[in-house]
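Spelled out from the first residue to the last, the chains are:
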Amino acid sequence: MRILMIGDIVGQVGRQAVANYLPKLNQMYSPDVIVANGENAAGNGRGIQREILRELMDLGIHCVTLGNHAWAQAEVFDFIDEEPFLIRPANYPPGTPGKGHVLLTVKGVKVVVVNLMGRAYMGQLDCPFRKMDEILSRISGTPYILVDFHAETTSEKQALACYLDGKVSAVIGTHTHVQTADERILPKGTGYLTDVGMVGPYDSVIGMKKEEVVKRFITQMPVRFSVAKGREQFNAVLIDLDKQTKKTTKLTRIRIDAEHPLIG
């Protein structure tokens, strides 16, 4: 089993980058399942809309995860309960619209994708550790399990991965938009990467116009951020999983940008 996990897609530039590179990556790597974080996919870089979800699914993405901007687009409340392959962090309190995990069946093989969100600097959510225990108690059989952990701090991401080592196939971090170089397979076989990075504008500060972000840091005044334009970047990770154990055998980071062109 091979899963391609695509980092946070930011705005129209990010969606165009997916359209440009995903067909080529499919030819090069032949992933069985494609998962992408879409919580920044709307034109203003916050939230997702139904039309955009359809656009991403039409490109071949099997499941779209969300995060702290899940509710940024008001229309999401009109469709999140109806979309079987759109998931928001599972550790939102009970009664929150949508669902936190999904079971995919691809080529007769079961894959569970779970979306969790951290609590450090992220708001008052339920405990992601206990929520994952609850989800695992309800999963029957031994499917492949991929966790998208949308969190701010490296320590919280590493801690959850250690807690879930041997219980899930892989824990892949999202949210910070900068790909980390710490991919590894934990002692009991769970694959881990602190952050997969983003898909969107290359000449930016985590996808936003540089001058706006710099102004906010200098003045400490509220500044409305807007998605940058121009050159693209595409960040993802390829996860190879053992058929018998359902654990990770290899992690391959994918980075495509002005300094790292796609070769192949």
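Values in this document were obtained by computation on a predicted structure and should not be read as measured data. (Residues numbered from 1 in each chain as written. Predicted model: local features only at pLDDT ≥ 70, side-chain atom pairs only at ≥ 80, totals over all residues. Heavy atoms only, no water.)

1. Quick word on the overall build of the chain
Piece 1. Along its length, the chain carries 6 helices and 14 strands.
Piece 2. Here the C-alpha atoms of the chain give a radius of gyration of 17 Å, agreeing with the 18 Å that 2.2 N^0.38 yields for 264 residues.
Piece 3. The dimensions of the chain, computed from C-alpha atoms along their principal axes, are 50 × 45 × 35 Å.
Piece 4. In the chain, buried positions account for 54% of the 264 residues. (Helix = DSSP H or I, 4+ residues; strand = E, 2+ residues; numbered from the N terminus. Rg over C-alpha atoms; globule rule 2.2 N^0.38 Å. Buried < 20%, exposed > 50% of the residue type's maximum accessible area, 1.4 Å probe, protein only.)

2. Considerations on unusual backbone geometry
Piece 1. Look at Tyr121: it is not a glycine, yet its phi comes out positive at around 65°.
Piece 2. We note that Ile206 has phi near 45°; this positive angle belongs to a residue other than glycine.
Piece 3. Relative to the assigned elements, Ile206 resides in the loop between strand E12 (198-201) and helix H6 (210-219).

3. Looking at the environment of Glu156
Piece 1. Relative to the helices and strands, Glu156 is located in helix H5 (residues 154-164).
Piece 2. Residue contacts for Glu156: discarding those within four places in its chain leaves Gly118, Arg119, Ala120, Pro128, Phe129, Phe149 and Ala151. (Contact = heavy atoms within 4.5 Å.)

4. With respect to the pairing of strand E14 (residues 248-256)
Piece 1. Bridge analysis of strand E13 (residues 232-241) against E14 gives 8 bridges, and the strand direction is antiparallel. Within E14, the position partnered with Val237 by the bridge is Arg253.
Piece 2. Where E13 folds back on E14, the antiparallel hairpin that results is connected by 6 residues, among which Lys246 adopts a positive phi of roughly 65°. (Pairing = 2+ DSSP bridges.)

5. Re the sheet that holds strand E6 (residues 101-106)
Piece 1. Spatially, the 6 strands line up as an open sheet ordered E6-E7-E8-E9-E11-E10, and their pairing is mixed. With partners counted over all chains shown, the strands left at the sheet margins are E6 and strand E10 (184-185), one partner each.
Piece 2. Pairing analysis gives 6 bridges linking E6 to strand E7 (residues 109-117), with the strands arranged antiparallel. Across the sheet, Leu104 pairs through a bridge with Val111, a residue of E7.
Piece 3. On top of the sheet, helix H4 (residues 128-138) reaches E6, E7 and strand E8 (144-150); it is set at about 160° to E7, its chief contact. (Axes fitted to C-alpha atoms, helices over the stretch in contact; angles between N-to-C directions.)

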